[in-house]
Amino acid sequence: MKRYLFYAIPMIILAGLFFIIVTCDDNPTKPKPEVSDYNIYFRQFWSGIAINDKFFVYNTKAMALVDTFELPYEGVEPQISADGKYLYIPGHTKVAVVDVATKELIIELDAPGEVVAVSPDNRYLAVTGDSLMIFDVATFEKVFSDAIIASRGYFTSDGKRFYCSIFQAEPEIYRLDLETEPFTSSIIDYPGHRPSFIIS
């Protein structure tokens, strides 16, 4: 019996310490961080072609599908504006700008491209594809274009620059400075295969 107690008592002590460590809160009065509350818009597609006209809305705080609606636009990679007001749907010849609240078309931009990007400060919309086009979100006027074959691009977090990958004789990275007047572009040599994504 003593032999069993010799082994049992340390095990009980260790189990108690483990329970205290796991359940202990260093700062029990500290509130838990709030889950960001925003919507994600997406649609179903196969081989780059939308299966139907249906769009789905997923809410991050509810962690659930909260809405569905239909729009007759072919783009498979919709993007939401930084203020959540507009939904941008790229197509082969145009980009549809849709009011999120009413689901009504605001304007169709003459911008052939497969992918769009929105600047974090909500100033600009970039369309990449057979060319690069930049639109002023306030007026939806085209403020820059370049006849380059541009892949998916990204704005920097401060919205001052735009980067995308291009392929001419060699794979390169295209940089556009949005703080100059007019905008100025430059090419960054990329020692390797064509970059798929650029994180800035």
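See the structure above.
About the criteria used
Residues numbered from 1 in each chain as written. Predicted model: local features only at pLDDT ≥ 70, side-chain atom pairs only at ≥ 80, totals over all residues. Heavy atoms only, no water. Core = buried A, V, L, I, M, F, W, Y, C linked by side-chain atoms within 4.5 Å. Buried < 20%, exposed > 50% of the residue type's maximum accessible area, 1.4 Å probe, protein only. Helix = DSSP H or I, 4+ residues; strand = E, 2+ residues; numbered from the N terminus. Contact = heavy atoms within 4.5 Å. Salt bridge = Lys/Arg side-chain N within 4 Å of Asp/Glu carboxyl O. Phe/Tyr/Trp six-rings, centres within 6.5 Å; stacked < 30°, edge-to-face > 60°.

S.K.: An account of the nonpolar core is needed here, citing residue identities and associated values.
M.R.: Counting 16 residues, the largest nonpolar core has Leu132, Ile134, Phe162, Tyr174 and Leu176 as the members making the most contacts within it. Elements supplying a minimum of two residues to this core: β11 (124–128), β12 (132–136), β14 (150–155), β15 (161–167) and β16 (171–177). At three residues, β15 tops the list of elements feeding residues into this core. The residues touching Ile134, leaving out its near neighbours within four places in the chain, are Tyr124, Leu125, Ala126, Glu141, Lys142, Val143, Phe144, Leu176 and Phe183.

S.K.: How would you summarise the pattern of salt bridges if you had to cite specific residues and measurements?
M.R.: All told, the structure shown has five salt bridges when counted by the stated rule. Between Asp110 and Lys94 there is a salt bridge, with its nearest N and O atoms 2.4 Å apart. Taken together, the positions of Asp110 in the loop between β9 (105–109) and β10 (115–118) and Lys94 in the loop between β7 (86–90) and β8 (95–99) put the pair 16 residues apart, joining distant regions of the chain. A residue is classified by how much of its surface remains accessible, and Asp110, at 54% relative accessible area, is exposed. With relative accessibility at 33%, the residue Lys94 sits in the partly exposed group. Among the ionic pairs, Asp121 bridges to Arg123, the shortest N-O distance being 2.8 Å. Taken together, the shared-partner salt bridges connect Asp121, Arg123 and Glu179 into one network.

S.K.: Report on the packing of aromatic side chains, specifying residues and quantitative values.
M.R.: Overall, the coordinates contain eight aromatic pairs when judged by the stated rule. Aromatic pair Tyr86 and Phe140: ring centres 5.5 Å apart, planes at 70°, arrangement edge-to-face. Taken together, the residues Tyr86 in strand β7 and Phe140 in the loop between β12 and β13 (141–146) connect sequence positions 54 residues apart. The exposure class assigned to Tyr86 is buried, which follows from its relative accessible area of 12%. A residue is classified by how much of its surface remains accessible, and Phe140, at 12% relative accessible area, is buried. Ring centres of Tyr124 and Phe183 lie 5.6 Å apart, and the angle between their planes is 85°; on these two criteria the pair is classed as edge-to-face. Placement of the pair is Tyr124 in strand β11 and Phe183 in the loop between β16 and β17 (184–189), with a sequence separation of 59 residues. With relative accessibility at 10%, the residue Tyr124 sits in the buried group.

None of this, on its own, says anything about what the molecule does.
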